[in-house]
Amino acid sequence: MYEWDFSILWGYRWLLLQGLGITVGFTAATICIGLTIGLTAAICLLSRLRILRALSLGFIEIFRCTPVLVQLIWCYYALPMVAGIEMTPMTASLLALSCYGGAFFAEIIRGGIVSIDMGQSEAASALGMTPSLAMRRIILPQALHRMLPALMNQSILMFKNTSLVSVLAVPDLVYQGQMAAHDSFRPLETYTAVAVVYFCHPVPVDALCP
Amino acid sequence: MTVKPMIEISWLRKCFGPLEVLKDINLQVEQGGVVALLGPSGSGKSTLLRCINLLVVPDDGSIRVGETKFEFGKSVQQPKTKPLAAFRSRTGMVFQNFNLFPHMTVLQNVIEALIHVKGMDKSTATALAMSQLEKSGWRTAHSRCRRRYPAVKNNVLRSLVLWRWSQRLCFSMKRRQRLTRSWWAKCSRLYRNSPQTG
Ligand SMILES: Nc1ncnc2c1ncn2[C@@H]1O[C@H](COP(=O)(O)OP(=O)(O)OP(=O)(O)O)[C@@H](O)[C@H]1O
Ligand SMILES: [Mg+2]
């Protein structure tokens, strides 16, 4: 029978806390950048110009249909070769996760925009609004309200996806957990604690969002 | 001396696929004129109004409203976004199914275009909107509606014009509000769709 002993974790509290900081920071950053990318891609997708639509669709399909782990590794090892730029693991992870999230956000935002009744944009044009003003003042505020649950869902997924950056040795919660496990020879306790921390994280946010 | 009519429509045509809705429409409206379009359902009354406002681009013919003239046809380029918006800001339209903005209060619905299209400052716009809402009998209609639909009551505890869910307004209130929104966007021409709409 295995003897559980969670007290050993106390010695690694700063390490784990540091990891949690990185994880939370990564989540916030990828969600913000992802939303920006997603909004841009969604608006391009609804544009009248075929070239913008094609570019946006290409981007979305590439990032939606490949595993995020592959994207991470590719961004870190292959992209610097192709583009001839140096990238830290941090930058590469941030890029891959943001684009991955952005592709999904784009589809959510596009869906939200087209779900708004045509009459709303017609009423806005009839009042003399330009399409961009109508989008900002009339369409997006209403669409945002409808998109909120789906955006929330995607954000939770993005939070969990940050755990993958540990493969590039970015010291997030999982990576630091691994360190602690190797050091203490207590993987069961460490990973249990890591899992509990992950679980507790989105729950309060979830409760705030009806 | 004859006065130039305010609205002049000549040889206007519009087809939706094989369905020819407007066939060579010619119409002139004098300044200050009140015109009623009559016709059975599906005869194209709404389509004509939407053409005058260019929400629907006609296939052929021309439309002149005031000094602005638009020509339509295969060879003619479609009007640009900016002049189109400027042209529309000088006209008003009441839609058949209102199309109020549900995320805004009654007051916000009315002042939205005044502020963001006409560039009026907020206090002036609010004062103007309040006086016009008052004039349109919105307040009376509102209290009548409250009596008829008691369920609505609880939502109206706050100030009358701060009522957010304008989609729950009853018919006559919607009518008044929409009318106020388009009419008092300080326009010189107003197109109302359907008598019961305004
Ligand atoms: N966007 C559209 N695409 C295809 N057909 C359309 C479109 N808009 C209108 N129509 C058709 O054009 C015809 C005229 O419609 P319209 O809405 O102008 O009629 P109306 O005179 O306003 O009728 P009502 O009195 O019921 O409001 C109808 O047969 C309608 O189905
Ligand atoms: Mg009609």
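Residues numbered from 1 in each chain as written. Chains lettered and ligands numbered in written order. Predicted model: local features only at pLDDT ≥ 70, side-chain atom pairs only at ≥ 80, totals over all residues. Heavy atoms only, no water.

A.B. asks: What is the right way to read the site of ligand 1 from this model?
C.D. replies: Residue and element names in this part refer to chain B. Taken together, Phe16, Leu19, Val21, Pro40, Ser41, Gly42, Ser43, Gly44, Lys45, Ser46, Thr47 and Gln96 form the complete shell of residues around ligand 1. Taking Gly44, its main chain carries an N or O atom lying 3.0 Å from an oxygen atom of ligand 1. Side-chain polar atom of Thr47 to an oxygen atom of ligand 1: 2.5 Å apart, as the coordinates give it. Surface burial for ligand 1 is 58%, taken as the share of its 630 Å² of free accessible area covered by protein chains. Broken down by secondary-structure element, the contributors of at least two residues to the shell around ligand 1 are strand 2 (19–29) and helix 1 (45–52). Grouping the amino acids of the shell around ligand 1 by side-chain chemistry returns 4 nonpolar, 7 polar and 1 charged. (Near = heavy atom within 4 Å. Polar contact = N/O pair within 3.5 Å; in protein donor to acceptor, adjacent residues only side chain to side chain. Areas by Shrake-Rupley, 256 points an atom, 1.4 Å probe, with all protein chains shown as cover. Helix = DSSP H or I, 4+ residues; strand = E, 2+ residues; numbered from the N terminus. Nonpolar A, V, L, I, M, F, W, Y, C, P; charged D, E, K, R; others polar.)

A.B. asks: Help me understand the environment of His182 of chain A in this model?
C.D. replies: All names here are of chain A. Among the structural elements, His182 can be located in helix 7 (residues 173–184). Classification of His182 by relative accessible area gives exposed; the value is 55%. Considered as a pair, His182 and Val196 are 14 residues apart in the sequence and their alpha carbons are 19 Å apart. (Buried < 20%, exposed > 50% of the residue type's maximum accessible area, 1.4 Å probe, protein only.)

A.B. asks: Honestly, the pairing of strand 4 (residues 68–72) of chain B in this entry has me stumped. Any pointers?
C.D. replies: Two faces make up the sheet, and in a regular strand the side chains alternate between them. Residue and element names in this part refer to chain B. Side chains of strand 4 alternate between two faces, with Thr68, Phe70 and Phe72 buried and Lys69 and Glu71 left unburied. Pairing analysis gives 5 bridges linking strand 3 (residues 60–65) to strand 4, with the strands arranged antiparallel. Each residue of the ladder has a partner; that of Val65, found in strand 4, is Thr68. What sits between the antiparallel neighbours strand 3 and strand 4 is a turn of 2 residues, in which Gly66 has the positive phi angle 60°. (Pairing = 2+ DSSP bridges.)

A.B. asks: Explain the packing of aromatic side chains here, please?
C.D. replies: By convention here, two paired aromatic rings are described through the distance between centres and the angle between planes. Residue and element names in this part refer to chain A. For the structure shown, the criterion picks out 7 aromatic pairs over all chains. Arranged with centres 5.0 Å apart and planes meeting at 45°, the rings of Phe59 and Phe63 form a pair that is tilted. In this pair, Phe59 and Phe63 both sit in helix 2 (residues 50–64), 4 residues apart, roughly one turn of the helix. Judged by its relative accessible area of 22%, Phe59 falls in the partly exposed class. By way of ring pairs, the aromatic residues Tyr2, Trp4 and Phe6 are connected into one cluster. (Phe/Tyr/Trp six-rings, centres within 6.5 Å; stacked < 30°, edge-to-face > 60°.)

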